Amino acid sequence: MEGEDFRLTLDFKVPEGRRKYFCRNDCKKEDILIETRGNRAQGGRYIIRHDGYVHVVITELTQSDTGWYKVGVGRSSLPNSYGSYQKFKLKVRDLCDGGVVSGEPKVYSTTEGGNVTVRCSLFLHPRNRKFLCREECNKFLFDTNDVTATGDRYKIEYESNTLFNVTITELTKSDSGRYRCGVGRNYAKNTCQEFEITVTDGELLMDVMKMFLHISEGLMFLTIC
């Protein structure tokens, strides 16, 4: 699923010092993602690790990661000596592959420093993955399989099989924008609810309120006179 990390371990032991590689498609030179003779190497979002077995990781999956891969061990120092390997196809699911609905209210407004709690009206099981993402939802801002979880400025609370709450605290103007809360399922499609947050300048709002109060007092004075 988009935003998650993918992990795979070869099901056979590998001696120290062998060339270990991770590649796409036909493993041509341009297809090599990462390779090493050491116990650990990382290149961008790709990691390969050896502890007797070979482990590979792709972090923060995107749709473009969908495709065929090979992970294996070379028999010699020759770059095209692939030796033993495991081939597999990776399919990266969209976070909201089951569709997106609009919540009510559609827009949540607050001032800088304020908090927003969104009621996500989606069918779910208490242990389903519950998540929050932003804009096109390419990765999680926060996610959990727990009934209640808190992290950084985010909190998710399961309420019923048709509702969970998402809270974002200490909002700033940069938090303004479109968001989605969603339910992730292993054997069914994910569903999401879209909403928008608008964060305004607290001092500006206070000035407007003072101006309105001043005008109201003036009108009241004129009425009395």
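Anything mentioned here points back to the structure above.
What you are looking at is a predicted structure, and each value in this text was computed from that prediction instead of being measured. (Residues numbered from 1 in each chain as written. Predicted model: local features only at pLDDT ≥ 70, side-chain atom pairs only at ≥ 80, totals over all residues. Heavy atoms only, no water.)

J.: Just to check I follow, could you spell out the overall build of the protein chain for this structure?
T.: Summing up its helical and strand segments, the protein chain has one helix and 17 strands in all. Taken across its 225 residues, the protein chain has 40% of its residues classed as buried. Excluding contacts between residues fewer than 6 apart, the proportion of contacts in the protein chain whose partners are at least 24 apart in sequence is 61%. Here the protein chain has roughly 13,100 Å² of accessible surface; of this, 52% comes from carbon and sulfur atoms. (Helix = DSSP H or I, 4+ residues; strand = E, 2+ residues; numbered from the N terminus. Buried < 20%, exposed > 50% of the residue type's maximum accessible area, 1.4 Å probe, protein only. Contact = heavy atoms within 4.5 Å. Areas by Shrake-Rupley, 256 points an atom, 1.4 Å probe, with all protein chains shown as cover.)

J.: Looking at this structure, how should I read the packing of aromatic side chains?
T.: Each aromatic ring pair is summarised here by two numbers: the centre-to-centre distance and the angle between the ring planes. By the definition in use, this model includes nine aromatic pairs. Ring centres 5.6 Å apart and planes at 10 degrees place the aromatic pair Tyr-69 and Phe-88 in the stacked group. With Tyr-69 in strand S7 (residues 67–74) and Phe-88 in strand S8 (residues 84–90), this pair connects stretches of sequence that are 19 residues apart. In this structure, Tyr-69 and Phe-88 share a single accessibility class: buried. Among the aromatic residues, those joined into a ring-pair cluster are Phe-6, Phe-22, Tyr-46, Tyr-69 and Phe-88. Over the face of the ring belonging to Tyr-85 we find Lys-70, whose NZ or CZ atom lies 4.6 Å from the ring centre. Geometry around Trp-68 places Lys-87 over its ring, the cationic atom sitting 5.2 Å from the centre. (Phe/Tyr/Trp six-rings, centres within 6.5 Å; stacked < 30°, edge-to-face > 60°. Lys NZ or Arg CZ within 6 Å of the ring centre and 35° of its normal.)

J.: Would you explain unusual backbone geometry in this entry?
T.: With the exception of glycine, the majority of residues adopt a negative phi angle, and the majority of peptide bonds are in the trans configuration. A positive phi is found at Cys-137, a non-glycine position, where the angle reads about 60 degrees. Within the element layout of this structure, Cys-137 appears in the loop between strand S11 (129–134) and strand S12 (140–144). By relative accessible area, Cys-137 is classed as buried at 1%. Its identity is not glycine, yet Asp-152 carries a phi of approximately 55 degrees, on the positive side. With respect to the element layout, Asp-152 can be found in the loop between strand S13 (148–151) and strand S14 (154–160). For Asp-152, a relative accessible area of 73% corresponds to the exposed category.

J.: Explain the pattern of salt bridges here, please?
T.: It is possible for side chains of opposite charge to pair when their charged atoms get near one another. Scanning all chains against the criterion turns up 17 salt bridges. The salt bridge partner of Glu-4 is Arg-129, with a shortest N-O separation of 2.1 Å. Pair noted here: Glu-4 is in the segment before strand S1 (6–9) and Arg-129 is in strand S11, with a separation of 125 residues, a long-range link. Taking the relative accessible area as the measure of exposure, Arg-129 reaches 18% and is therefore buried. For Glu-159, the salt bridge goes to Arg-119, with nearest N and O atoms at 3.7 Å. (Salt bridge = Lys/Arg side-chain N within 4 Å of Asp/Glu carboxyl O.)

J.: Can you help me understand the side chain of Asp-175 in this one?
T.: Within the secondary structure, Asp-175 is located in the loop between strand S15 (163–168) and strand S16 (177–184). Among the polar contacts made by the side chain of Asp-175, one reaches the main-chain amide nitrogen of Thr-172 at a distance of 2.8 Å. Not counting the four nearest positions on each side in its chain, Asp-175 is found in contact with Arg-134, Arg-153, Glu-170, Ile-197 and Val-199. (Polar contact = N/O pair within 3.5 Å; in protein donor to acceptor, adjacent residues only side chain to side chain.)

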